[in-house]
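Residue-level structure breakdown
So you can see what is in the structure, the chains are spelled out below.
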Amino acid sequence: MADLINYYAFKKDEWKDLYKLQTVPLTKDSLKQIKAFNDEISMQDVRDVYVPIVHLLDLCTQSFNEWQKTKTHFLSKEDRKVPFIIGISGSVAVGKSTTARLLEVLLSRYFEDKKIQLITTDGFLYNSAELNRRHIMDRKGFPESYDMKSLINFLNEVKSGKSNVLAPVYSHDVYDIIPDKFDVIDQPDVLIIEGINTLQLPSNQQIYVSDFTDFSIYIDADDALIEKWYLERFEKLMDTAFQKPSNYYYEMAHKDRQKAIQKAKEVWQEINLPNLLENIKPTRTRADLIIHKSDNHIIDQIFLRKY
Ligand SMILES: Nc1ncnc2c1ncn2[C@@H]1O[C@H](COP(=O)(O)OP(=O)(O)O)[C@@H](O)[C@H]1O
Ligand SMILES: CC(C)(COP(=O)(O)O)[C@@H](O)C(=O)NCCC(=O)O
C-alpha cells in the first residue's frame with residue numbers, strides 16, 4: 001500500500017510493542033463475552049492489536065474531552081458531556097460488526113464507569129418496500145440506498161446530548177429493516193457506529209457522517225479474501241435459515257446448496273464488489289486507523305494517520 005504516504009505503517013509485532021507496559025484487564029469474563037459472539041476471533045490479535053488500540057482511544061478521548069471543555073469555556077457556556085463517536089468502515093463482510101462488538105466489550109471493560117453503545121448504519125437503509133418502490137433493490141448498500149438525512153439527523157441528536165435517540169434496526173436474517181424495532185441511544189460516553197458508509201460523502205448532503213465521528217477505523221483486506229468471507233457468512237446464514245420459515249433464505253436453504261452459493265457469488269460480483277471498488281475503498285484514506293487483515297482474519301498490518 002505504497003499510496004498511504006500520510007500514514008505510519010506498522011507490522012503487527014511493531015504495533016504490539018507500543019503499549020507493552022500497559023494492559024487492558026482481559027478477565028475470564030471478557031474473554032468469554034468475546035468468544036460468545038465469535039469463537040473464531042484470534043485472542044493473540046486481541047492482545048497484540050486491539051489492546052493498544054484501546055489505549056490509543058483512551059488518549060484520544062482524554063484530549064477530546066479537554067478540547068470540549070476549552071471550547072465551552074471560551075464560549076462561556078456550561079460544560080456538558082459530548083459523546084465521543086468512533087466510526088468503523090470497510091467492505092461488506094470484511095468484519096466491521098465483529099470488530100465493533102469486540103471494541104465494545106474491550107472499551108466497556110477498560111472504561112468501567114463509562115457508557116459504551118453501538119449501532120450499525122444498516123438500520124438506516126431504506127426498507128425493502130421503499131428500495132423496490134425506487135427500483136434500487138439491486139443497489140442495496142450503495143449510497144442511494146441509505147436514508148442519509150435520517151442518519152445525519154440521528155448523529156446530530158446524539159452529539160447534542162439528546163436522551164433516548166432511536167436508531168432503526170436491520171436484520172441480515174430477514175434481509176430487511178425490522179418494523180417498530182429500535183436501538184435506544186441514551187447519552188453514551190462513547191458511541192461506536194459501524195457501516196460501509198461511515199466515511200462517505202452523501203451525494204445530496206453537505207455534511208459527512210465523519211463530521212460527527214472523532215476517530216475512524218477502516219478494516220481492509222484483499223478483495224478475493226473478502227469474497228471468501230462473504231460466501232462463508234452466506235453459508236452460515238443458510239444453515240441458520242434452515243429451520244426458520246421467517247428467514248429470508250428459508251426457501252433457498254431447502255433447495256440445491258450449490259445453486260444458492262452460485263447465486264451468492266453473483267451477488268458479490270454484481271453488487272458488493274462494485275460497491276467496494278466505487279464507493280467504499282476510495283474512502284479508506286480518510287480513516288485515522290487502517291487495520292489490514294490476511295487469511296483467517298489475522299491482522300498483519302496497521303496504519304495510523306500522521307496528519
Ligand atoms: N476477527 C475475526 N475472526 C474470525 N472470523 C471473523 C472475524 N471478523 C469477522 N469474521 C467473520 O467474517 C464474516 C463477516 O464478518 P462481519 O463482522 O459480519 O462483517 P461485516 O460487518 O463487515 O459485514 C462473518 O462470518 C464473521 O463471523
Ligand atoms: C446490508 C448490507 C448492505 C451491509 O452489509 P454489512 O456491512 O452489514 O455486511 C449488505 O449485507 C447487503 O445486503 N448487500 C446487498 C447484496 C447482498 O449481499 O445481498
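Up top is the structure.
Residues numbered from 1 in each chain as written. Chains lettered and ligands numbered in written order. Predicted model: local features only at pLDDT ≥ 70, side-chain atom pairs only at ≥ 80, totals over all residues.

Looking now at the overall build of the protein chain. Along the protein chain, the regular secondary structure elements total 9 helices and 9 strands. A globule of 307 residues ought to have a C-alpha radius of gyration of about 19 Å, and the protein chain, at 20 Å, matches this closely. Viewed in the frame of its principal axes, the protein chain has a C-alpha envelope of about 60 × 40 × 40 Å. Intrachain contacts of the protein chain at a sequence separation of at least 6 include 72% that bridge at least 24 residues. (Helix = DSSP H or I, 4+ residues; strand = E, 2+ residues; numbered from the N terminus. Rg over C-alpha atoms; globule rule 2.2 N^0.38 Å. Contact = placed C-beta atoms within 7 Å.)

Right, let's get into the sheet that holds strand β1 (residues 7-11). Spatially, the 7 strands line up as an open sheet ordered β1-β9-β8-β7-β2-β6-β3, and their pairing is mixed. Of all strands in the sheet, those bounded by a partner on one side alone are β1 and β3 (116-120). This sheet shows a mean twist of 20° between the axes of neighbouring strands, independent of strand direction. In the packing of helix α3 (residues 43-74) onto the sheet, contacts are made with β2 (84-90), β6 (190-194), β7 (215-220) and β9 (299-305), and the angle to β9 comes to roughly 15°. (Pairing = 2+ DSSP bridges. Axes fitted to C-alpha atoms, helices over the stretch in contact; angles between N-to-C directions.)

Moving on, we get to α3. Here α3 contains 32 residues, and its C-alpha end-to-end distance of 45 Å stays within 8% of the 46 Å for a straight helix at 1.5 Å per residue. Along its length, α3 shows its largest kink, about 35°, at Tyr50, and proline Pro52 lies within four residues downstream of that point. Among the residues of α3, those classed as buried are Val46, Val49, Tyr50, Val51, Pro52, Ile53 and Leu57. Those residues of α3 that are buried are in contact with α1 (12-16), α2 (28-37), α4 (96-110), β7 and β9. In the stretch just after α3, Ser76 is the one whose phi turns positive, near 55°. (Expected span 1.5 Å × (residues − 1). Bend = angle between axes of the 7 residues up to and from the residue. Buried ≥ 20, exposed ≤ 12 C-beta atoms within 10 Å, placed from the backbone.)

Interhelical geometry of helix α7 (residues 223-241) versus helix α9 (residues 257-280) gives an angle of 135° and a closest axis separation of 10 Å. The pairing of α7 with α9 is recorded here as oblique in orientation. Viewed along their axes, α7 and α9 form a crossing whose handedness is right-handed. Residues Asp223, Glu227, Tyr230, Leu231, Phe234 and Met238 of α7 form the contact with α9, whose participating residues are Ala260, Ile261, Ala264, Lys265, Trp268, Asn272, Leu273 and Leu276. Per-class residue counts for the contact of α7 with α9 are 10 nonpolar, 1 polar and 3 charged. (Parallel < 35°, antiparallel > 145°, perpendicular 65-115°, else oblique. Left-handed = near helix turned anticlockwise from the far one by under 90°. Nonpolar A, V, L, I, M, F, W, Y, C, P; charged D, E, K, R; others polar.)

With that settled, the discussion passes to the site of ligand 1. The environment of ligand 1 is made up of 16 residues, and the closest members are Gly95, Lys96, Ser97, Thr98 and His297. Secondary-structure elements contributing two or more residues to the shell around ligand 1 are α4 and α7. Residue contributions to the shell around ligand 1 peak at 4 residues, all from α7. Its residues placed into classes, the shell around ligand 1 shows 5 nonpolar, 6 polar and 5 charged. (Near = placed C-beta within 6 Å.)

To continue, consider the site of ligand 2. Every residue close to ligand 2 is listed here: Val92, Ala93, Lys96, Ser97, Asp122, Lys140, Gly141, Ile196, Val267, Ile271 and Asn272. Of all the secondary structure elements, the ones that give two or more residues to the shell around ligand 2 are α4 and α9. Top element by residues in the shell around ligand 2 is α9. It accounts for 3 residues. Along the lines of polarity and charge, the residues of the shell around ligand 2 split into 5 nonpolar, 3 polar and 3 charged.

Functional significance is not addressed by these values, which are geometric in nature.
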